[in-house]
Amino acid sequence: MTDTQIKIYPFGAFRTIADEITVTTPPQATVTMVKQAIVSVIGDTHRTLVSDSVLATDTMILQDTDIIGGATELSILPPVCGG
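Structure report, in brief.

Definitions and limits used
Residues numbered from 1 in each chain as written. Predicted model: local features only at pLDDT ≥ 70, side-chain atom pairs only at ≥ 80, totals over all residues. Heavy atoms only, no water. Helix = DSSP H or I, 4+ residues; strand = E, 2+ residues; numbered from the N terminus. Core = buried A, V, L, I, M, F, W, Y, C linked by side-chain atoms within 4.5 Å. Buried < 20%, exposed > 50% of the residue type's maximum accessible area, 1.4 Å probe, protein only. Contact = heavy atoms within 4.5 Å. Pairing = 2+ DSSP bridges. Axes fitted to C-alpha atoms, helices over the stretch in contact; angles between N-to-C directions.

**Overview of unusual backbone geometry**
Of note in the backbone geometry, Q28 takes a positive phi value of approximately 60° without being a glycine. Among the secondary structure elements, Q28 is positioned in the loop between β2 (21-25) and β3 (29-30).

**Comments concerning the nonpolar core**
A general tendency of soluble globular proteins is for nonpolar side chains to be buried together. By size, the foremost hydrophobic cluster in this structure holds 19 residues, and its most contacted members are I8, V23, V34, I38 and L55. Counting residues per element, the ones that place at least two in this core are β1 (4-10), β2, α1 (31-42) and β6 (72-77). When residues of this core are assigned to their parent elements, the largest contribution, six residues, is made by α1. Dropping the residues within four chain positions of it, I38 is found in contact with I8, I21, V23, G43, V50, L55 and I76.

**Remarks on the sheet that holds strand β4 (residues 54-56)**
Pairing is mixed across the open sheet formed by four strands, whose spatial order is β2-β1-β6-β4. Unpaired on one side and paired on the other, β2 and β4 mark the two borders of the sheet. Direction aside, the axes of adjacent strands within the sheet are offset by 35° on average. Running at roughly 125° to β2, α1 makes contact with β1, β2, β4 and β6 of the sheet.

This is the structure:
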């Protein structure tokens, strides 16, 4: 099988890092695998931020164990604090 390209749109703190992130993963990658690929693209200094963030489709927030079934577009949403 061929690798999958995933386009990721950054929000919040990620917008200062990149306007758009494209990663390549094996087919049927988990969200955790996609997060690891993001770190390899934007750098290890952002590992904790990526780990604490969630990936989402246009309709739902994904769990780390969810499978990404092919080329797609996702958003990465950092944790939010406030009151």
